[in-house]
Amino acid sequence: MAQVKVYYDREGNTLTVWFGDPANEYVAEETGDEIVLMKDRDGKVIGFEKLNFTGHVGDAIKVAFETVAV
């Protein structure tokens, strides 16, 4: 079963999502939209980070997942 890891850094205002093993990160690439893509050695995106992500203090962050056939 695949795992998705979601981290919210309130002080750094970042939301980081990993759907691959963070230990396999080889390069990080900014998209220009305050999004950083983390890639493995093969260039496959294994996670992303949203910069300047802010929520209201005390608010819960809701995460929803949907599976699709590929």
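The coordinates are above.
For clarity, every value in this text was computed on a predicted model and none was experimentally measured.

Draft legend 1. Geometry of the pattern of salt bridges. Scanning all chains against the criterion turns up two salt bridges. Among the salt bridges present, the one from Lys-39 reaches Glu-29, with a minimum N-O distance of 3.2 Å. Here Lys-39 is found in strand β4 (residues 35-39), whereas its partner Glu-29 is found in strand β3 (residues 27-30), with ten residues between them in sequence. Assessed through its relative accessible area of 37%, Glu-29 is described here as partly exposed.

Draft legend 2. Inspection of the environment of Lys-5 at higher detail. With respect to the helices, strands and loops of the structure, Lys-5 is situated in strand β1 (residues 5-9). Residue classification places Lys-5 among the partly exposed residues on the basis of a relative accessible area of 31%. Measuring from C-alpha to C-alpha, the distance between Lys-5 and Thr-16 comes to 8.0 Å, with eleven residues separating the pair along the chain. Leaving out residues up to four positions away in the same chain, Lys-5 has contacts with Thr-16, Val-17, Trp-18 and Pro-22.

Draft legend 3. Local environment of the pairing of strand β5 (residues 45-50). By the bridge criterion, four bridges tie strand β2 (residues 14-18) to β5 in an arrangement that is antiparallel. Across the sheet, Val-17 pairs through a bridge with Phe-48, a residue of β5. Summarising the sheet, β4 and β5 pair through five bridges and their orientation is antiparallel. In the strand pairing of β5, Ile-35 is matched with Lys-50. Counted along the chain from β4 to the antiparallel partner β5, the turn is five residues long, and its residue Gly-43 has a positive phi close to 85 degrees.

Draft legend 4. Quick look at the sheet that holds β4. As summarised here, the arrangement of the five strands in space is β1-β2-β5-β4-β3, forming an open sheet in which the pairing is antiparallel. At either margin of the open sheet sits one strand with a lone partner, and together these are β1 and β3. Neighbouring strand axes in the sheet, compared pairwise and without regard to direction, differ in orientation by 20 degrees on average.

Procedures and definitions
Residues numbered from 1 in each chain as written. Predicted model: local features only at pLDDT ≥ 70, side-chain atom pairs only at ≥ 80, totals over all residues. Heavy atoms only, no water. Salt bridge = Lys/Arg side-chain N within 4 Å of Asp/Glu carboxyl O. Helix = DSSP H or I, 4+ residues; strand = E, 2+ residues; numbered from the N terminus. Buried < 20%, exposed > 50% of the residue type's maximum accessible area, 1.4 Å probe, protein only. Contact = heavy atoms within 4.5 Å. Pairing = 2+ DSSP bridges. Axes fitted to C-alpha atoms, helices over the stretch in contact; angles between N-to-C directions.

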